Amino acid sequence: MKIILIGIQGAGKSTQGNLLSKKINIPYLSTGHIFRELAKEHTKLGRYIKEVMNAGYLIPDKKTLAIVEEYLSRSRYQKGYILDGFPRTLVQVEAFKNDIDKVIYLRVSDKEALWRLSYRNGEVREDDTLSAIKKRIELFHKLIEPVLSCYREKGKLIEIDGEKSIEEINREIMHNIGKHS
Ligand code: AMP
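Further remarks concern unusual backbone geometry. Residue F86 is joined to P87 through a cis peptide bond whose omega torsion reads -5°. Note that P87 resides in the loop between β3 (81-84) and α5 (90-95). Not every positive phi belongs to a glycine, and N25 is a case in point at roughly 60°. With respect to the helices and strands, the residue N25 is situated in the loop between α1 (13-24) and β2 (28-30).

Following this line, the structure appears as structure tokens:
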């Protein structure tokens, strides 16, 4: 099964993605995580990615597509995956030829996302300055609406209230993809 998770930063995509991955035994892959790892490398690409991410911008579509396609060609993703953070633009949707089963949109308000990010526990991300977060939220809405419309038209979009409890959201996702907890 191939699942895409969409949501603003702070919507709980990685919590839900990891939980779902354990429950249905399908690997979870986050493009944000891939890019954060690449940004640590002391290479030209690493430095470039770090700069773009820390400013709150998206990595250009062409680079993103090449990196995601290389990951998804690896053997562990051949039976399916839960993909978090991609596709994020209409260009990425149109260029991405893999047949997706379901697209889950975790909807939370900007206010809730900002609150959650300000009180995020654990690891402090280098790309998490307030101005980068605000820029990402603004950009997210602008770019994601056409992506959501596209998957809605294809009948693949599942919209879930991301402000419910972790367990309730997981139950709803499981129900919507035809699995039982
Ligand atoms: P995330 O953890 O999903 O919020 O991603 C963190 C950052 O990684 C984003 O702000 C972008 O700079 C970059 N990124 C992640 N996924 C994508 C994507 N599909 N296209 C372009 N940039 C991305």
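Let us now look at the packing of helix α2 (residues 31-39) against helix α3 (residues 44-54). In the contact formed by α2 and α3, the axes pass within 7 Å of each other and the chain directions differ by 125°. Taken together, the axes of α2 and α3 lie oblique to each other. Between α2 and α3 lies a crossing whose hand is left-handed. Contact residues: G32, F35, R36, L38 and A39 in α2; G46, I49, K50 and M53 in α3. Among the residues forming the contact of α2 with α3, the class breakdown is five nonpolar, two polar and two charged.

Oppositely charged side chains can pair when the atoms bearing their charge come close. According to the stated counting rule, one finds eight salt bridges in the structure shown. K156 is paired through a salt bridge with D99; the nearest N and O atoms lie 3.3 Å apart. Pair noted here: K156 is in the loop between α7 (130-153) and β5 (157-161) and D99 is in the loop between α5 and β4 (102-107), with a separation of 57 residues, a long-range link. Take K156: its relative accessible area is 18%, and that puts it in the buried class. Between R107 and E159 there is a salt bridge; the shortest N-O distance is 2.3 Å. With a gap of 52 residues between them, R107 in strand β4 and E159 in strand β5 connect regions that are remote in the sequence. The partly exposed category is assigned to R107, whose relative accessible area is 40%. The exposure class of E159 is partly exposed, given its relative accessible area of 35%. What you see here is one network of salt bridges that share partners, running through R107, R152 and E159.

For the rest of this paragraph, the subject is the site of the ligand. Around the ligand, the structure places 16 residues, and the nearest of them are T31, Y57, G85, Q92 and R136. T31 places a side-chain nitrogen or oxygen 2.7 Å from a nitrogen atom of the ligand. Y57 is positioned with one of its backbone polar atoms (N or O) 2.6 Å from an oxygen atom of the ligand. Here the ligand has 480 Å² of accessible area as a free molecule, and 97% of this is covered by the chains. Top contributing element to the shell around the ligand by residue count: α2, with four residues. Grouping the amino acids of the shell around the ligand by side-chain chemistry returns six nonpolar, five polar and five charged.

Okay, the side chain of N170 next. Secondary-structure assignment places N170 in helix α8 (residues 166-176). Look past the residues within four positions of N170 in its chain and what remains in contact with it is Q16, L19, L20 and K23.

Within the sequence span of α3, burial applies to G46, I49, V52 and M53. What you see down the axis of α3 is that its buried residues fit within an arc of 135°, all on one side. Projecting away from the buried face of α3 at angles above 90 degrees are the exposed residues K44, R47 and E51. Residues of α3 that are buried in the fold lie against α2, α4 (61-72) and α7. Within two residues after α3, G56 carries a phi angle of roughly 90°, on the positive side.

Basis of the calculations
Residue numbers run consecutively from 1 along every chain, following the written order of its sequence. Local features in this predicted model are restricted to residues of pLDDT 70 or higher, and side-chain atom pairs are both shown and tallied only at a pLDDT of 80 or more, whereas totals for entire chains, interfaces and linings draw on every residue. As a convention, hydrogens and water are excluded, and side-chain values are obtained from all of the structure's heavy atoms. Every helix listed is a DSSP run of H or I at least four residues long, and every strand listed is a run of E at least two residues long, numbered separately from the N terminus. Where helices are involved, their axes are fitted lines through C-alpha atoms of the stretch in contact, as for all axes, and angles between N-to-C directions lie from 0 to 180°. Roughly parallel means an angle under 35 degrees; roughly antiparallel means over 145; roughly perpendicular covers 65 to 115; every other angle is labelled oblique. The hand of a helix crossing depends on one turn: near helix anticlockwise from the far one by less than a right angle means left-handed, and clockwise means right-handed. Contacts are residue-level and defined by heavy atoms, with any inter-residue pair within 4.5 Å sufficient. Under the convention adopted here, Pro, Cys and the residues Ala, Val, Leu, Ile, Met, Phe, Trp and Tyr are nonpolar, Asp, Glu, Lys and Arg are charged, and Gly plus all remaining residues are polar. The term salt bridge refers to a pairing of a side-chain nitrogen on Lys or Arg with a carboxyl oxygen on Asp or Glu at a separation within 4 Å. Relative accessible area decides the class of each residue, using a 1.4 Å probe on protein chains only: under 20% of the type maximum gives buried, over 50% gives exposed, and in between gives partly exposed. Near is defined per residue: the residue qualifies when any heavy atom it owns lies within 4 Å of the molecule or strand. Here a polar contact is taken to be a pair of N or O atoms separated by no more than 3.5 Å, where protein atoms must pair a possible hydrogen donor with a possible acceptor and residues adjacent in sequence count only if both atoms sit in side chains. For the area figures, the Shrake-Rupley method with a 1.4 Å probe applies, and any residue is considered shielded solely by the protein chains shown. This arc is taken over the directions from the axis of the helix to the C-beta atoms.

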